[in-house]
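Structure at a glance
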Amino acid sequence: MTGGSQDSLIIGKWVIVGGLCVQLVFFGAFIITSLVSHVKILRTPTAESEQTMQPHAFIWPRDWRGLLFACYAVSMVILVRSVYRLIEFTQGNDGYFISHEVFVYVFDAAMMFLVMFVMNVMHPSVVLRREDARCSKSRPAEPSVAAAIVAIILFVIATIAHIFFAWKHRTKFLIAFIVGGILEAIGYVARAISAQQTPNYSAMPYALQSLFILIAPSLFAASVYMILGRIFRLTDGDSRSLIRATRLTKIFVLGDVLAFLIQAGGGAILSGSKSASNLKLGERIIIVGLLVQIVFFGFFVIISVIFHRKMANNPTSASLSTKVNWKLYLMVLYAASFLIMVRCIYRVAEYIQGQSGTLQSHEYFAYVFDTALVFLVMVLFLIFHPSQVVPRDKAQLDEHGLMYTELRG
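Notes on the structure follow. Quick caveat: nothing in here was measured; it's all calculated off a predicted structure. (Residues numbered from 1 in each chain as written. Predicted model: local features only at pLDDT ≥ 70, side-chain atom pairs only at ≥ 80, totals over all residues. Heavy atoms only, no water.)

1. Remarks on unusual backbone geometry
Backbone geometry places Arg-170, a non-glycine residue, at a positive phi of 55 degrees. Despite not being glycine, Asp-236 shows a phi value in the positive range, around 55 degrees. Tracing the chain through its elements places Asp-236 in the loop between α9 (203–235) and α10 (245–271). The exposure class assigned to Asp-236 is exposed, which follows from its relative accessible area of 53%. (Helix = DSSP H or I, 4+ residues; strand = E, 2+ residues; numbered from the N terminus. Buried < 20%, exposed > 50% of the residue type's maximum accessible area, 1.4 Å probe, protein only.)

Right under this line is the structure:
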């Protein structure tokens, strides 16, 4: 196994462990919050809670209580699965769990099947369909079907192109980028569905479009960070950077995972909010996640500029001998970082204003400062594909990796 592959394996392992730890914390907080709310409602029931209760339910009530019990059961099952996965990845490839396949079927596959079974038996539609009409009253500007369809077409085409180039050049580190494109496409499909339901929106399409369009750029950001690490290796530029390539990838990818999880948590709360307090909580959590992303991007740009200046003043022998125009790729990274930064700043302003603000009241702002900028990032990395900064061997690089050289002809 090469050094780069070993580094990727270690980074992937600890990113997964970090994600599982965050999941455990959030699920624990979720269970505690649910139990506290449950106890409060039992002690001081609201008018709506009493009206929707089934007084003669058999074993498992088909009302909000049954759905709450189902959430407890599902949460405990997912917690067990996450603890198993945490131990498995902590042990590593030589650990007891990975060495015996039976564990993955018992503590993962079986657990996930139980989750699906429980949520089919006690389907959320029991209570959600009562909330759909009430949720629709708090929606921002009515979405445009035509604009959403155009966005779907653009992101589907761009994502398919990225899948083709990733397959052609075997650039596995761009998987996160491709997943981001898929999430964007799914998000706008949900937006188109939601637009056709005006004014009686259903909860699921609205939740999907709110969440997926929000978090997808975080996956693009992770790929941008990894590309800089490849440039460091290509130019043997660790000595010209404030942070070594291996540490740089770990620090920024972990920071991006943190921003991703915070935004995902806030988006989940926001899309499922039934009260003004929950709506405000979701918006504040999203703002924190976006600010974390902006801080890491700012630091990333500073690291890139310092590396660029030091390499220009005192180039390494590898940077002079390589056939790859790595300076051009740094410019591409600056451009991509700028586009994502502008998008994040727009989103921060949008959520600070809230649903009554100018930005959420006019849909075209989202297409100009989010959709268009994110799509430009995808197009940018199609024209200047990062496969060129990943040498196949020390002697020669893939001569057909760059679209821009062919266009420049």
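Having seen the model, we can carry on.
2. A look at the packing of α9 against helix α15 (residues 364–383)
Across the interface, α9 lies against α15 with an axial gap of 11 Å and an inter-helix angle of 30 degrees. In this view, α9 runs roughly parallel relative to α15, as classed from their interaxial angle. For the pair α9 and α15, the sense of crossing is left-handed. Here Ile-213, Pro-217, Phe-220, Val-224 and Ile-227 of α9 come into contact with α15, specifically with Asp-370, Val-374, Met-378 and Phe-381. Of the residues assigned to the contact of α9 with α15, the class counts are eight nonpolar, no polar and one charged. (Axes fitted to C-alpha atoms, helices over the stretch in contact; angles between N-to-C directions. Parallel < 35°, antiparallel > 145°, perpendicular 65-115°, else oblique. Left-handed = near helix turned anticlockwise from the far one by under 90°. Contact = heavy atoms within 4.5 Å. Nonpolar A, V, L, I, M, F, W, Y, C, P; charged D, E, K, R; others polar.)

3. A closer look at the nonpolar core
Core analysis: the biggest nonpolar cluster contains 68 residues, and Ile-227, Ile-231, Phe-300, Leu-333 and Phe-381 have the highest contact counts within it. Elements supplying a minimum of two residues to this core: α7 (145–169), α8 (175–196), α9, α10, α11 (276–313), α13 (326–353) and α15. Element by element, the count of residues in this core is highest for α9, at 17 residues. If we skip the residues at most four places from it in the chain, Phe-381 touches His-162, Phe-177, Val-224, Ile-227, Val-332, Leu-333, Ala-336 and Pro-386. Within the second largest apolar cluster, twelve residues are counted, among which are Phe-27, Leu-79, Leu-86 and Val-115. (Core = buried A, V, L, I, M, F, W, Y, C linked by side-chain atoms within 4.5 Å.)

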